[in-house]
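Survey of secondary and tertiary structure
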Amino acid sequence: METVSENRSFGGTQGVYRHRSKATNCDMTFGLFLPQEAAEGPVPVLWYLSGLTCTHENAMVKAGAQQWAAEQGIALVFPDTSPRGEGVADDPAYDLGQGAGFYVNATEAPWAAHFRMWDYIADELPALLAKEFPLDMERQSITGHSMGGHGALTLAMGLKGRFRSVSAFSPICHPTTTDWGRKQLAAYLGPDETAWLRHDATLMMRAEGLDIPLLVDTGSKDQFMSHLKPEALAMAAMERRIPCTLRLQDGYDHSYFFVSTFIEEHIGFHAEALYA
């Protein structure tokens, strides 16, 4: 593992690291914020999964999360959103290929050789973090924005017992029914829609429910609302009688101005679960 950079931040350290990934068969870069408490022993972990076009850097720089994580003594993990580099398949469109991994294990050409982001986030990166850093992997929570909100929800429901809480900003809630979903799921997983089901948070909620705290924020003026379908997730949660907080924030859009406004509340929400 290579240290790309380390900077002092709110009493802790914001690092960027690179390593060779077996899951994605390429070099991967991630950000990790360690609060000052990490110098004394393992600290709980909050994963932040980013959205379309993003790298590890977007949320690390724009969300303003380090201040609030430092107050709570929580580490923040900022993974990349896809494999990258020479020889990694790509597409001219922004919503497929590099920067758009969608947190699935691709089975279709040309994506299958590298686009195994589910395995990378669920297995490989946690194992690396546990080995290299003072993290308490028994206390993990997860959040994300847009495509990353989709990933946070599906990973939380797909990895029972892994996370203590889950939240999302403007998540893609019902991708099997929208343009931000059907295109990617078909490209990565093929035409058999039964393979898509475990990557649709609304369908997973209907089928299995959720047994950890859930918080979702979406801006009422989100310009991509038709792609997100927060109402579908809300209906599925109501049908299953799942206790949760699903909010429309008046006047906010899809940007990091929105995320940075409510990140303090989300980190506080996760801290309550992580320290319970």
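Residues numbered from 1 in each chain as written. Predicted model: local features only at pLDDT ≥ 70, side-chain atom pairs only at ≥ 80, totals over all residues. Heavy atoms only, no water.

Things to note about the overall build of the protein
Under the convention used in this document: Note on conventions: DSSP H or I runs of at least 4 residues are helices, E runs of at least 2 residues are strands, and numbering of each starts at the N terminus. Radius of gyration here uses only the C-alpha atoms, and the compact-globule reference equals 2.2 Å multiplied by the residue count raised to the power 0.38. With a 1.4 Å probe rolled over the protein chains alone, any residue whose accessible area is under 20% of its type maximum counts as buried; one over 50% counts as exposed, and the rest are partly exposed. In this description, contact between two residues means that some pair of their heavy atoms is separated by no more than 4.5 Å. Only the protein chains shown count as covering a residue, and every accessible area follows the Shrake-Rupley method with a 1.4 Å probe. None of His or the chain ends enter the tally, which takes Lys and Arg as positive and Asp and Glu as negative. To locate a charge, the coordinates of NZ of Lys, CZ of Arg, CG of Asp or CD of Glu are taken.
In terms of regular secondary structure, the protein is built from nine helices and nine strands. Compactness check: the protein gives a C-alpha radius of gyration of 17 Å against a globular reference of 19 Å for 276 residues, within 12% of the reference. Principal axes of the C-alpha set define a box for the protein whose edges measure 50 × 45 × 35 Å. A buried classification covers 59% of the 276 residues belonging to the protein. Within the protein, contacts between residues separated by at least 24 positions form 73% of all contacts whose residues are at least 6 apart in sequence. Within the structure as shown, the protein displays about 11,100 Å² of accessible surface, and the carbon and sulfur contribution to it stands at 50%. Across the protein, the centroid of the 21 positively charged side chains sits 3 Å from that of the 34 negatively charged ones.

Side note on the pairing of strand E6 (residues 135-144)
To keep things clear, this is the line we draw: Should DSSP find at least two bridges between two strands, the strands are taken to pair.
Counting buried positions along E6 gives nine out of ten residues, so the element sits mostly inside the fold. Sheet topology note: the strand E4 (residues 43-49)/E6 ladder contains six bridges and is parallel. Within E6, the position partnered with Tyr-48 by the bridge is Thr-143.

Focus on the pairing of strand E8 (residues 214-219)
If a strand is regular, its side chains alternate between the two faces of the sheet. Burial within E8 is extensive, with six of its six residues counted as buried. Two strands pair when backbone bridges link them, and strand E7 (residues 166-169) and E8 are joined in this way by four bridges, in the parallel orientation. Within E8, the residue paired with Ala-168 across the bridge is Val-216. In this sheet, strand E9 (residues 245-249) lies alongside E8 in parallel orientation, the contact comprising five bridges. Among the inter-strand pairings, Thr-218 is bridged to a residue of E9, identified as Leu-248.

All we've got here are geometric facts, nothing functional implied.
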